[in-house]
Amino acid sequence: MTLAPALPDTAADLRTLYRAAEARAARLRVLVEASRLLTSCEAEGLEAAAQDVAQQAAHLAGFATGRIAARDAPPPAGDDALVLPLVAPGAGGMTIGALVLEQRLGTLAPEDREALAILAQLIGSALAARAREARLARLLAEFLGAQEAERSRVAHELHDGVAQSAAALARRLELAADGDQADLAEATRQARALVRELRQVITGMRPPALDDLGLAAALHQLAEDARDGIAVSLAVDLAARPCEAIETALFRIVQEGLNNARLHAGKDAHVMVRIAEEEGAYRIAITDNGPGFDPRAVAAPAGASGLGLAYMRERIERLGGRLDIIAAPGAGCRLLAEIPAA
């Protein structure tokens, strides 16, 4: 007789356990389906897949609607919304958007919050991977285009400059076969001019001054060559010679910055270049007073003779550094690069 009253309680407990098990199974199904959907879809369909997962997340957690919002989108109005940041995986991951759930219909359980956090991680990882792949594709296309442009530049310089000078030298040597001193003197002059042209072509690939004298001398030579089209002020403050990889990167950064200024800032532009070693890092600032541009509206202009600002950024990031572009229409452009010295 004493056991009868306990039966309803036991049944209630069983119903509670059953409902809890169903809820856990539902959460697991949503997580598995979201993972399958996000990993199996093509890049062009990822946006729609992420929106579908956001709606599933809303239904799971007791909200009417769910959506993916851009990183700079305004927060939703009202107190019945929940916003979870979408963060790219890895240390110091960047926030790339937000999972926004709106119109709360019920109470959010702690287990639902855990499931939502996992869904946000899945969506953030998928979107970050797509952005990374698109960026790599753009960089590869730019690299191949720049490589072809560099080959074309070298071919034109060899054909129009070096080859013509070599042909003229050959003709002059034929004329000097009789020992005429005037022809010999002219042949000597042409041979020296040919050597200078060859050096200019080589400098476009890897400057001899960088190997022979170091970064400071190579930068001064680079600035001197650029002064044919623009005014350049250069300040170099280095305590010691960087390692080869960083030295090459620093030279190419300045070279690309001067190329961009020459192409886009105009003939009357004044470019100020400063490179220094400060607080354990190499820092470069390249500032021009040209027409500028809106970095948000267009991809930063790429130099026709270099690898472009996008590849410059990739080169810097491979060395653990960063590149900031500060520009505005009518206000010139400022490139700030930083690379760790160690």
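Attention now goes to the overall build of the chain. A count of helical and extended segments in the chain gives eight helices and eight strands. Split into buried and exposed, the 342 residues of the chain put 35% on the buried side. Contacts spanning at least 24 positions in sequence make up 66% of the contacts within the chain whose residues lie at least 6 apart. Entry remark: accessible area of the chain is about 19700 Å², with carbon and sulfur atoms responsible for 57%.

To continue, consider the nonpolar core. Formed by 37 residues in total, the largest nonpolar core has its most connected members in Leu250, Leu258, Ile284 and Leu335. Counting only elements with at least two residues in this core, the list comes to helix 6 (215–226), strand 4 (231–237), helix 7 (244–264), strand 5 (270–278), strand 6 (281–288), helix 8 (308–318), strand 7 (322–327) and strand 8 (333–340). Among the elements that make up this core, the one with the highest residue count is helix 7 (eight residues). With residues near it in sequence (within four places) discarded, Ile284 still touches Leu250, Ile253, Val254, Arg274, Ile275, Leu335, Leu336 and Ala337.

Inspection of the secondary structure puts Ala216 in helix 6. When its relative accessible area of 32% is taken as the criterion, Ala216 is described as partly exposed. Distance from Ala216 to Val236, taken between C-alpha atoms, is 6.5 Å for residues 20 residues apart in sequence.

Turning to the sheet that holds strand 4, a few remarks are in order. Strand order in the open sheet formed by five strands is 4-5-6-8-7, with mixed pairing between adjacent strands. The open sheet terminates on both sides in strands that have one partner only, identified here as strand 4 and strand 7. Mean inter-strand twist for the sheet, computed between neighbouring axes without regard to direction, equals 10°. The sheet contact formed by strand 7 and strand 8 spans six bridges and is antiparallel. What sits directly across from Leu323, in strand 8, is Ala337. In this fold helix 7 packs onto strand 4, strand 5, strand 6 and strand 8, with an angle of close to 10° to the strand it touches most, strand 6.

So, on to the pairing of strand 2 (residues 82–87). On strand 2, burial follows the alternation: Leu82, Leu84 and Leu86 on one face are buried, whereas Val83, Pro85 and Val87 on the facing-out side are not. Looking at chain direction, strand 2 and strand 3 (residues 95–104) are connected through six bridges and run antiparallel. Looking across to strand 3, one finds that Leu86 is bridged to Gly97.

Turning our attention to the sheet that holds strand 1 (residues 63–70). Here three strands make up an open sheet; going across it, the order is 1-3-2 and the pairing antiparallel. Two strands lie at the open edges of the sheet, namely strand 1 and strand 2, each paired on one side alone. Mean inter-strand twist for the sheet, computed between neighbouring axes without regard to direction, equals 20°. Pairing of strand 1 with strand 3, which is carried by seven bridges, proceeds in the antiparallel orientation. Paired with Phe63 across the two strands is Arg104, which belongs to strand 3. Contacting strand 1 and strand 3, helix 2 (residues 46–61) crosses the sheet at an angle of about 145° to strand 1.

This brings us to unusual backbone geometry. We note that Gln103 has phi near 65°; this positive angle belongs to a residue other than glycine. Mapping Gln103 onto the fold places it in strand 3. Not every positive phi belongs to a glycine, and Glu279 is a case in point at roughly 50°. Counting through the fold element by element, Glu279 comes out in the loop between strand 5 and strand 6.

So, about the confidence of the model for the chain. On average, residues of the chain carry a pLDDT of 81, and 89% of them reach 70 or more. Per-element confidence in the chain is highest for strand 6, whose mean pLDDT is 93, and lowest for helix 5 (residues 208–212), whose mean pLDDT is 72. Scored below 50 in pLDDT, residues 1–8 shows zero contacts in the model against residues more than four places distant or in partner chains. Low pLDDT, under 50, characterises residues 299–307; the predicted model gives this stretch 29 contacts beyond four residues in sequence or across chains.

Counted according to the given criterion, the structure contains 13 salt bridges. Between Arg36 and Glu33 there is a salt bridge, with the nearest N and O atoms lying 2.5 Å from each other. Of this pair, Arg36 and Glu33 both sit in helix 1 (residues 6–40), three residues apart, roughly one helical turn. Glu33 sits in the partly exposed class, given a relative accessible area of 30%. Between Arg130 and Glu47 there is a salt bridge whose closest N-O contact spans 3.2 Å.

Cut-offs applied
- Residues numbered from 1 in each chain as written.
- Predicted model: local features only at pLDDT ≥ 70, side-chain atom pairs only at ≥ 80, totals over all residues.
- Heavy atoms only, no water.
- Helix = DSSP H or I, 4+ residues; strand = E, 2+ residues; numbered from the N terminus.
- Buried < 20%, exposed > 50% of the residue type's maximum accessible area, 1.4 Å probe, protein only.
- Contact = heavy atoms within 4.5 Å.
- Areas by Shrake-Rupley, 256 points an atom, 1.4 Å probe, with all protein chains shown as cover.
- Core = buried A, V, L, I, M, F, W, Y, C linked by side-chain atoms within 4.5 Å.
- Pairing = 2+ DSSP bridges.
- Axes fitted to C-alpha atoms, helices over the stretch in contact; angles between N-to-C directions.
- pLDDT = per-residue confidence, 0-100.
- Salt bridge = Lys/Arg side-chain N within 4 Å of Asp/Glu carboxyl O.

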